[in-house]
Every structure is written in C-alpha cells, then in structure tokens.
Amino acid sequence: MAQFVFESDINNILKLDAPITNGPLARWQRKAKENNGATGSLSTSSNVSGLSPMKATNRSLNTSKLTPSKTPGRTKTPKSSKCSRVQGTPSKAGADRYIPTRNAVQMDVAHFLINKENDQENESPTKKEQQKSWSLNLNGYDVEQAKILRLSGKPLCAPEGYQNNLKVLYSQSTTPSSTKKPTRYIPSMPERILDAPEIRNDYYLNLIDWSSLNYLAVGLANNVYLWHAESGEILPLVQLEGQEDYVASVSWIKEGNYLAVGTRNGEVQVWDVERQKRLRNMVSHTVRVGSLNWSSYILSSGSRIGEIHHHDVRIAQHHVATLTGHTQEVCGLKWSPDGRYLASGGNDNILNIWPSITGNDAACQPLHTFTQHQGAVKAVAWCPWQANILASGGGTSDRFIRFWNVNSGSCLNAVDTRSQVCSIVWSTEYKEMVSGHGFSQNQLVIWKYPNLTKVAELKGHQARVLNLTLSPDGSTVCSVAADETIRFWKCFAVDPAKKKKMAAASQSSVLHHGIR
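Let me sum up the structure you'll find in this document. (Residues numbered from 1 in each chain as written. Predicted model: local features only at pLDDT ≥ 70, side-chain atom pairs only at ≥ 80, totals over all residues. Heavy atoms only, no water.)

Regarding the nonpolar core
As a reminder of what qualifies: Working definition of a nonpolar core: buried Ala, Val, Leu, Ile, Met, Phe, Trp, Tyr and Cys residues. They are joined through side-chain atoms within 4.5 Å. Burial classes follow relative accessibility: with a 1.4 Å probe on protein chains only, a residue under 20% of its type's maximum area counts as buried, one over 50% as exposed, and anything between as partly exposed. Runs of H or I in DSSP of at least four residues are treated as helices and runs of E of at least two as strands, each being numbered from the N terminus. Working rule for contacts: check all heavy atoms of both residues, and any pair within 4.5 Å makes them a contact.
One finds Leu-216, Val-218, Cys-478, Val-480, Ile-486 and Phe-488 to be the most contacted residues of the largest nonpolar core, which totals 18 residues. Top contributing element to this core by residue count: strand β3 (residues 215-220), with three residues. Beyond its immediate sequence surroundings of up to four residues, Val-218 is in contact with Leu-207, Ile-208, Asn-223, Val-224, Tyr-225 and Ile-486. Residues Ile-389, Val-421, Trp-426 and Val-445 belong to the second largest nonpolar core, which totals 16 residues.

Structure, rendered in structure tokens:
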C-alpha cells in the first residue's frame, strides 16, 4: 500500500493547476489583487489565487481599462517607498530588487581605478627595486621621492660628489630643449638668377662686388655692368677699348660711390658711379691686376707677377708703396675691418699678413707668412666681429679652410672641404660663414663658427663657383659661376627687431673732392 501512497504524493506535486499555499503570491496574483480593490478581503484574494495567470491579466485589463506602463506591474509608489528603493531596500516583502542606473563613463572609470589599484598592488618588489636603482644611477636620487611638478621651490639636485657615468652622452652645456630657438629656414633654391654671358672662367680673377648703395658690379669680358638690387635696373658703366683687354677685378669703396676696376693690361681705373665718369687711370703694373681692395683712401692692387701696390687716390703721385712677398700671382686681397692688416693670398700657396702703411714705406715686410696651404690661396675673408680672425681657403691641391689669429700668428682650426675653395664670406647677422667651391660639387656651404659644422649646402650651379659677395643688409649671398649665371641665395634672414632700416643713401665720401 505504501507504494500507492508515494505515487499519489508525486502526482499531487506535479499538478500545476493547484494553488501554492505555502509561498508568496505570484506577481500576476499581486497585480490582480491591487486592481480589484483596496478592501483586501480574504475572499477576493482567494478568488484571484484560483485563476490562471492569463485569465487574471485579462480581468485586470477589462475592469480597469488602463493602458499598461512601459514596465508591466510598476505602479506609482508613495514618496517614502521611493526613498526606500533608492537606499536599496524593497518597499515591501516580495517586491522587485532595485538596480540603480549607471552610464558607460562611470563603469569605465570604475574599471580603470580597480585595475590601477590592482596593478600597483601586484607590482613585484623586484621590479620596484630595479626602477629605483635605475633612477639612482641616472638622476642621483629616487624619482618616487621627488616631486616632478612643483608649484614653488627648486627641483631636487644630485647629491654632492655624484658623477653621472653617462656624461659622455650628454653635454653639460647643452641648452634645454624648451629654451632652444627653432632652426631658421634656409631656402635650398636661389631667390633670383641672372645671366652672366661671356664671364671668364678664371680661378684667379675677382669679377663681382656688392656696394653699400645696393649696386652689384659684374665684370663681363671687357665690360662692367651695374645691377641695382631694388629696382632691377642694369646700367653699363665701363667698356675697355683694347680688343684683347678684359676686366680682371672690381672693388667698391666702403661708401659705395666709387668703383675700382683692374684690367688685363695692368691699369687700375677709378669710376664715379653717380656721374658715370672715370676719375683716374692709374698705371703702375705691367701685367693684369686680378685683385683689388680698399682701405679708406688707400687702394691696394695685386698683379700677376706677385706684386702689391698701394695707391693713394687723393694725390697725383698715387703709387705710395710696393709689397713683394709673393712669387706668383696675387689672387686674394682683403683689408681687415679696422684697417690694421692686409691679407694677401697667392698662387704660390702663401698667405701673407701685412701691416697698414705709415707714410711712404716702400720696404714693408709681412708680419706673418703662412705656408700650411698646399694650393693657391684665393679665398681670404676677415671675421666681422673679431678683427684679428682671418679665414683662408686653398685650391684643388689643398681644399682646406683654415682660421688664423693674426695677433699670435697661430692656426686656430682647419676643416677639409673636399673640394676647391674659391671664395669665402662671413655673415654679419649670425656667427656663420659661406664658402664657394669648384670641383666637384660646385656648391655653396654654410658653416657654423667656431665648431665648423655644416648648416646647409646650396646646390644649383652647373660649374665651379668663381666668386661670392654679400648684400649690404647681410641677408643675401650672391654667387657667380663658370656656368654664366649669377644666383642670389637668401640664407641669412635679417631680424627686423635688431636690424634698423638702412639709409637710402650714405653720406658723400671725403674722396669726392680729393680724387683728381
């Protein structure tokens, strides 16, 4: 009989139609009870409990005729009930659990904070010790104990006596990156190109010069032309009469109103640009004059046989001194800015430093004679901010640029350019210089002084660069080459805050009334 009793119990348990009397009311039962009235009588609840879920739902809809809300079964609760739900406590027994709403940003922040804390906690002691040792070796102190950002006070310094083992990789005098000035832009292409037909491809000649009045003088064959940089006007100034004669050198006086011209026949002419008139024709050389340079009223000229003549253009007997320190042609000639020294370079690979003449000193001897160059010394240029510093460049057999202290007679430095050095000019705006080269790149190189690092290389000429000259404002370098072109490179931009506007015309020179 027991098996029949067990079987009957199992059947009673599996019956879903029977009401569950020992548990809380189902949701549909609670809803039907709330909609049928607030009497709360036992008879109503018993009737509702005997209905199926679908029937109870239909009854509630038919009796109330209300549209259900977005969440079925959610009804308005008293204010006190809402407060209890916000605190996480259900309003009454059997109510739904309250789940607060959180947006995605809050979840991401919470996830990040949890992972960050876990990472710091899980960091191994070995890793911390390794980072600490690195910090001590590189900085001299533990970074964890130092404030990287401070509102006030000074940053921590290395302990006394500490030496950085990696100091060979870092320069103590290096400017911090935050205070370094940005590198200026140097155009790689010329700003302007002019034709120079029939220019002589002769390494020993000096055929261009730029005046303080912004006129560029160019010697082409037996003519001298002037090009005004502001207006672009071209003015023919000189035309030599001899068929075999040609212009070998040109040089402006400092004031820019007189131009000296050296010829193949050994003449030295002085021209007044304003009146376009030849003032003097000084004949003291017997061969061509390939180099000229002014020092106030003294005009120095170098000839093909190695002689240097001083001409005092104020007097009739202009030839006042002869310097004989070279055995071959004088191709480089420059007076120092203060007028104390004259540098002369020759095809005999010799660089001489001469003192300024006093009176009629015909037996002048050089102060220094430098023989380190192994090629012709045509490129000579004085430093504009250090009057005792001279730069010189050698020809194809030498290819070196050397720097000299003429006070002590010592060579300060030298750099191998690996190409023929034809001309050198210093910048007046930056501590830099430009060199013009021949074989094999035919380029211009900008050098930083005094470390002699290359700032830029300017390429464009198809043949060797013969001469360089600087504009009066110091911003543009002019180069003339054997490819019969003149190119203008704006490589030294002028700072408008430091540079004043140049005067439209300089004062008339005292030589205006002195030259006969």
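Some details on the packing of aromatic side chains
Note the following rule: Centre distance within 6.5 Å is the pairing criterion for rings of Phe, Tyr and Trp, where only the six-membered ring of Trp is used; planes under 30 degrees apart are then read as stacked, over 60 as edge-to-face, and the remainder as tilted. Counted as over-ring charges are cases with an Arg CZ or a Lys NZ within 6 Å of the ring centre that also lie within 35 degrees of the ring normal.
Enumeration over the complete set of coordinates arrives at 11 aromatic pairs. Seen in terms of ring centroids, Trp-227 and Phe-488 are 4.9 Å apart; in terms of plane orientation they differ by 40°. Their pairing is tilted. Here Phe-488 lies in strand β28 (residues 485-489) and Trp-227 lies in strand β4 (residues 223-228), a separation of 261 residues in the sequence. Between Tyr-341 and Trp-382, the aromatic rings sit 6.3 Å apart at their centres with planes inclined by 15°, giving stacked as the arrangement. You can see Tyr-341 sitting in strand β15 (residues 341-346) and its partner Trp-382 sitting in strand β18 (residues 377-382), a full 41 residues away along the chain. On the basis of relative accessible area, Tyr-341 is assigned to the buried category, the value being 8%. Relative accessible area serves as the criterion here: at 7%, Trp-382 is assigned to the buried category. Note that Arg-402 overlies the ring of Phe-400, its terminal NZ or CZ placed 4.9 Å from the centroid.

Describing unusual backbone geometry
In this chain, Phe-439 is followed by Ser-440 through a cis amide linkage whose omega measures 10°. Mapped onto the elements of the fold, Ser-440 is located in the loop between β23 (432-437) and β24 (444-448). For the bond running from Tyr-449 to Pro-450, omega is 10°, close enough to zero to count as cis. Look at Leu-452: it is not a glycine, yet its phi comes out positive at around 60°.

Comments concerning a nonpolar patch on the surface
To keep things clear, this is the line we draw: A patch is a set of surface residues, each over 30% in relative accessible area and not in a salt bridge, joined within 9 Å for like charges and within 5 Å for the nonpolar side chains Val, Leu, Ile, Met, Phe, Trp and Tyr. Where accessible areas are quoted, they stem from the Shrake-Rupley method and a 1.4 Å probe; at the residue level, only the protein chains shown are allowed to cover. The term salt bridge refers to a pairing of a side-chain nitrogen on Lys or Arg with a carboxyl oxygen on Asp or Glu at a separation within 4 Å.
A contiguous nonpolar surface patch, about 280 Å² in accessible area, is contributed by Val-109, Phe-112 and Leu-113. Here Phe-112 is to be found in helix α6 (residues 104-122). Taking the relative accessible area as the measure of exposure, Phe-112 reaches 52% and is therefore exposed.

What about the sheet that holds strand β2 (residues 208-210)?
Selection criterion: Here a strand pair is declared whenever DSSP counts at least two bridges between the two strands. A fitted line through C-alpha atoms serves as each axis, taken over the contacting stretch for helices, and the angle formed by two N-to-C directions is quoted from 0 to 180°.
The four strands lie next to each other as β2-β3-β4-β5, forming an open sheet whose pairing is antiparallel. Looking at which strands have only one partner, the edges of the open sheet turn out to be β2 and β5 (234-239). Strand-to-strand twist in this sheet, taken as the mean axis angle between neighbours without regard to direction, amounts to 20°. Where β2 and β3 come together, three bridges link them in antiparallel fashion. Note that in β3 the partner of Trp-210 across the bridge is Leu-216.

Observations regarding the sheet that holds β24
Strand order in the open sheet formed by four strands is β22-β23-β24-β25, and the pairing between neighbours is antiparallel. Strands with a single pairing partner mark the edges of an open sheet, and in this sheet they are β22 (421-426) and β25 (453-458). The average angle at which neighbouring strand axes cross in this sheet is 25°, direction not considered. Pairing of β23 with β24, which is carried by five bridges, proceeds in the antiparallel orientation. By the bridge assignment for β24, Met-433 is matched with Trp-447.

Things to note about helix α2 (residues 27-36)
Spelled out, the test is: Our arc is simply the arc of the directions from the helix axis toward the C-beta atoms.
Here α2 has its buried residues at Trp-28, Gln-29 and Ala-32. Down the axis of α2, the buried set is contained in an arc of 100°. They therefore lie on one face.

A closer look at the pattern of salt bridges
Enumeration according to the criterion identifies nine salt bridges in this entry. Note that Asp-272 and Arg-275 form a salt bridge whose closest N and O atoms lie 2.9 Å from each other. A salt bridge links Lys-448 to Glu-432, with the shortest nitrogen-to-oxygen separation between them at 3.7 Å. With a gap of 16 residues between them, Lys-448 in strand β24 and Glu-432 in strand β23 connect regions that are remote in the sequence.

Details of the pairing of strand β27 (residues 477-481)
Most of β27 sits out of view: five of its five residues are buried. Covered by surrounding structure in β27 are Val-477, Ser-479 and Ala-481 together with Cys-478 and Val-480, the residues of both alternating faces. Linking two consecutive strands that pair antiparallel, namely strand β26 (residues 465-470) and β27, is a turn of six residues; a positive phi of about 80° is found at Gly-474 within it. Pairing analysis gives four bridges linking β27 to β28, with the strands arranged antiparallel. Residue Ser-479 lies in a different strand from β28, and its bridge partner there is Arg-487. Joining the antiparallel neighbours β27 and β28 is a turn of three residues, in which Glu-484 adopts a positive phi near 65°.

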